[in-house]
Every structure is written in C-alpha cells, then in structure tokens.
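Residues per chain are reported as follows:
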Amino acid sequence: MDLEARSLQPNVKVVLLAKLREYKSDLNNLKSEHKRLASANSNQAARDDLLESGMADAMSVSANQRGRLMMSTERLNESSDRIKESRRTMLETEELGVSILQDLHQQRQSLLHANDT
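Residues numbered from 1 in each chain as written. Predicted model: local features only at pLDDT ≥ 70, side-chain atom pairs only at ≥ 80, totals over all residues. Heavy atoms only, no water.

Our next topic: the overall build of the protein. A tally of helices and strands in the protein yields two helices and zero strands. When the accessible surface of the protein is totalled, it reaches about 10,800 Å², and 58% of it is carbon and sulfur. (Helix = DSSP H or I, 4+ residues; strand = E, 2+ residues; numbered from the N terminus. Areas by Shrake-Rupley, 256 points an atom, 1.4 Å probe, with all protein chains shown as cover.)

Have a look at this one:
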C-alpha cells in the first residue's frame, strides 16, 4: 500500500501517505491494546485458576471436616445410648437390691417375732 501511494501523483500522494501513517498508528495502538487486554485476561484466567483450586482445597477440607464431624457425632450418640442403657441397668439393680433388703427385713422381723414367742 505504501509503495502504491508513493507511485501516484504528488497531490494525491501526500494525502494518501498521511492517511497511511494515521492507519499505521491506529493499528499499532490497537495491537498494543490487544496485548494489554490479552495479558489482563491471561492474568485473570490464572487468578481464577488459583481461586478455583483454592476453593477445591477448601471444599475438600470442608468435606473432610464434615466426615470427621459426622463420625464424632455418631460416636457421641453411641456413647449416649450406652450411658442410658447403663443407667437403666443400674436402676433395675437398685430396685432389686431394695426388694431383697425388704425381704430380708421381713425375714428378720419374722425370726425376731418367732424368738419372742
């Protein structure tokens, strides 16, 4: 394009060369802006990748914590059930002991009453 403009008549050549310089300047500006935007996009993509991997790590940690929490809750529930069962057994044993003591008291009273007569 530059060569064609130089081979034209002088009055047309000056106008076309000025426009050509303007177009080249615009093209260079657009190229530099494109590079800047592409660089910003690649930086943003790298940032997004880092954030996503961080989120994946956080989600993995969260899933691990949730699993441990569920296991701990299950063990706590099992322990609570064992404590309830032990308490029930203790109360039954206490009732049986009270019953045996009452029977022994009655037998003692019977023996004491038999000795008095």
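As a further point, take a nonpolar patch on the surface. Together, L96, I100, L101 and L104 make up a nonpolar patch on the protein surface, roughly 400 Å² of accessible area in all. When you line up the elements, L104 lands in helix α2 (residues 10-116). By relative accessible area, which is 48% here, L104 ends up partly exposed. (Patch = residues over 30% accessible without salt bridge, like charges linked within 9 Å, V, L, I, M, F, W, Y side chains within 5 Å. Salt bridge = Lys/Arg side-chain N within 4 Å of Asp/Glu carboxyl O. Buried < 20%, exposed > 50% of the residue type's maximum accessible area, 1.4 Å probe, protein only.)

This part takes up the pattern of salt bridges. The full count for this structure, using the stated rule, is two salt bridges. Between R88 and E85 there is a salt bridge, with the nearest N and O atoms lying 2.2 Å from each other. One end of the pair, R88, and the other, E85, are both in helix α2, three residues apart, so they sit about a helical turn from each other. The class of R88 is partly exposed, set by a relative accessible area of 40%. In this structure, the salt-bridge partner of R88 is E92, at a minimum N-O distance of 2.5 Å. One end of the pair, R88, and the other, E92, are both in helix α2, four residues apart, so they sit about a helical turn from each other. The exposure class of E92 is partly exposed, given its relative accessible area of 44%. Residues participating in the shared-partner salt-bridge network are E85, R88 and E92.

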